[in-house]
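Fold and geometry: a report
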Amino acid sequence: MTGPPGTPPGAADVAIIGAGVVGTAIARELARYDLSIVVVDAATDVGTGTTKANTAILHTGFDAVPGSLESRLLRRGSALLRGYATRAGIPVERTGALLVAWTAEQRRALPEIEEKARQNGYTAIRPVPAAGLYQREPHLGPGALAGLEIPDESVICPWTTPLAYATEAVRAGARLELGRLVTGVHSEADGHALATSRGTIRCRWLVNAAGLGADLVDAMAGGGGFTIRPRRGELIVFDKLARPLVGSILLPVPTAATKGVLVAPTVYGNVLLGPTAEDIDDRSDTGTTAAGLAALLEAGHRIVPDLAGEEVTATYAGLRAATEHRDYQIRVDPARRYACVAGIRSTGLSASLGIAEYVTDQLAGAGLPLAERGTAGAGPPAMPYIGEAGTRPYQDAGRIAADPEYGRIVCHCERVTRGEIRDALASTVPPADAGGLRRRTRAMNGRCQGFYCAATVSAMMAAARGPAGGGRAVDRGPAGRAAGRASPELGRLA
């Protein structure tokens, strides 16, 4: 594809640093136009940073700061993602949420929270008396005084979402350059040269969606004005037998420092407890701590006491890209042909499509030529369904009759079949390692954490890679690029 006049030879029209949910959403949006797009990430898969380790809630934006950019893009993004998820087959369950006040001070804060929601354009919120809370959630701990119902809060699959964005972008011609750490950004006459751990990538326009590394990339590009201070959130996942204990997302009354610890169902049939909120210096420290998990268990016992008797399937921690600013740090510099998309914190999943739409409009206003592709409007890909609310392959007699591999279960904890694993390994954006396969199929993600099925899964991955053990192609669109090599390591819930 030839780019607009002025594009350096061999350069992409737009390079996006960061293959998380925000970066892939922007790639999907820009891939609708006649542009050459490359997405660069140090990881060997999409959605491996903050994206994969969040609370997996599709927010309405009821509690955002009124008038903020976050409020605007979260409201827009949530509406867009609900429609997109339906078309792409991304698991979503509209469970609703109950914000519970446990103290007199928290109860006094409820009218202000309700008013904030209305200022944000969310009018379905309504007060709930204590009796109503226990009618809705009979396993709620004693002492709840009152609450607010937010009926449109939902739970979503945080893994399928960026995979759907990336798959759609790649099929439209975008290129994924994974396993390439950006070490420098250098201005050139007609764009930028990105120094990476595996050579140089040139582009006419640069979009910084690097998440936890966004301030470092911004400094490389000559920017400044914010600093990422990672905020670690630890979470606990309870076994599926705990699922009947919780019908809604149970939210705390937020404070100035944190939204607090919640209890929520997941689209995979588990129950989630968390997160903690701890500012740390190490951008790679996603380890859980004894103190953090103990605090979560104490909070969980207060919110839903019966959780104390349930099995813990996994624990994990995610890092949120917090800055010293309360709002998103999104700006476009026309002179430098540079967009910074940073400080998204914990709402990036819900706001992703709103952010992508906004950034694309800003880029167009800054001079990026946008001409619709002839293939525009093809729509999202049909993603494999890995939730519990719909029909899984092992439950589909017609599908099994057409292909018996969908009836041969490999991972019995999560009911994952050979057909699903085979399909994931041959997909447009295939997994580079066992963690990536978990996120695509749920294999090895259940109670035994791969104890029984890991050998079979590993053998299937090795066979898919072929005798040379080389990397698999991640680009099955027009560009046809290669991914990184597979790793034999097995992560927990990753």
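Just so we're clear, the structure is a prediction, and the values are computed from it rather than from any experiment.

1. Description of the sheet that holds strand β8 (residues 154-156)
- In spatial order, the strands read β3-β8-β4; together these three strands make up an open sheet with antiparallel pairing. Both outer strands of the open sheet, β3 (57-58) and β4 (92-93), are each paired with one neighbouring strand and no more.
- As judged from the two bridges shared by β4 and β8, these two strands associate in the antiparallel manner. Counted as the bridge partner of Glu93 is Val155 from β8.

2. A look at the environment of Thr313
- Relative to the helices and strands, Thr313 resides in strand β18 (residues 312-320).
- On the accessibility criterion, Thr313 (7% relative accessible area) is buried.
- Along the backbone, Thr313 and Gly466 are 153 residues apart, and their C-alpha atoms lie at a distance of 33 Å.
- Reaching out from Thr313, the side chain makes a polar contact with the backbone nitrogen of Asp239 at a distance of 3.4 Å.

3. Side note on unusual backbone geometry
- A cis geometry characterises the amide bond from Gly274 onward to Pro275, with omega recorded as -5°.
- Here the phi dihedral of Arg337 falls at roughly 50°; this positive angle occurs in a residue that is not glycine.
- Tracing the backbone shows Arg337 in the loop between β19 (329-333) and β20 (338-342).

4. Brief notes about the pattern of salt bridges
- According to the stated counting rule, one finds 31 salt bridges in the structure shown.
- Put simply, Glu168 and Arg28 hold a salt bridge, and the shortest N to O gap is 2.9 Å. Taken together, the residues span a long stretch of sequence, with Glu168 in helix α5 (residues 160-171) and Arg28 in helix α1 (residues 21-30) at a distance of 140 residues.
- Residue Glu168 is classed as buried on the basis of its relative accessible area, which comes to 14%.
- Owing to a relative accessible area of 13%, Arg28 belongs among the buried residues under this scheme.
- Residue Arg440 is joined to Asp45 by a salt bridge in which the shortest nitrogen-to-oxygen separation is 2.7 Å. Within this pair, whereas Arg440 is found in helix α11 (residues 434-441), its partner Asp45 is found in the loop between β2 (37-41) and β3, the two being separated by 395 residues in sequence.
- According to the relative accessible area criterion, Arg440 is buried, its value standing at 8%.
- Classification of Asp45 by relative accessible area gives buried; the value is 3%.

The rules behind the values
- Residues numbered from 1 in each chain as written.
- Predicted model: local features only at pLDDT ≥ 70, side-chain atom pairs only at ≥ 80, totals over all residues.
- Heavy atoms only, no water.
- Pairing = 2+ DSSP bridges.
- Helix = DSSP H or I, 4+ residues; strand = E, 2+ residues; numbered from the N terminus.
- Buried < 20%, exposed > 50% of the residue type's maximum accessible area, 1.4 Å probe, protein only.
- Polar contact = N/O pair within 3.5 Å; in protein donor to acceptor, adjacent residues only side chain to side chain.
- Salt bridge = Lys/Arg side-chain N within 4 Å of Asp/Glu carboxyl O.

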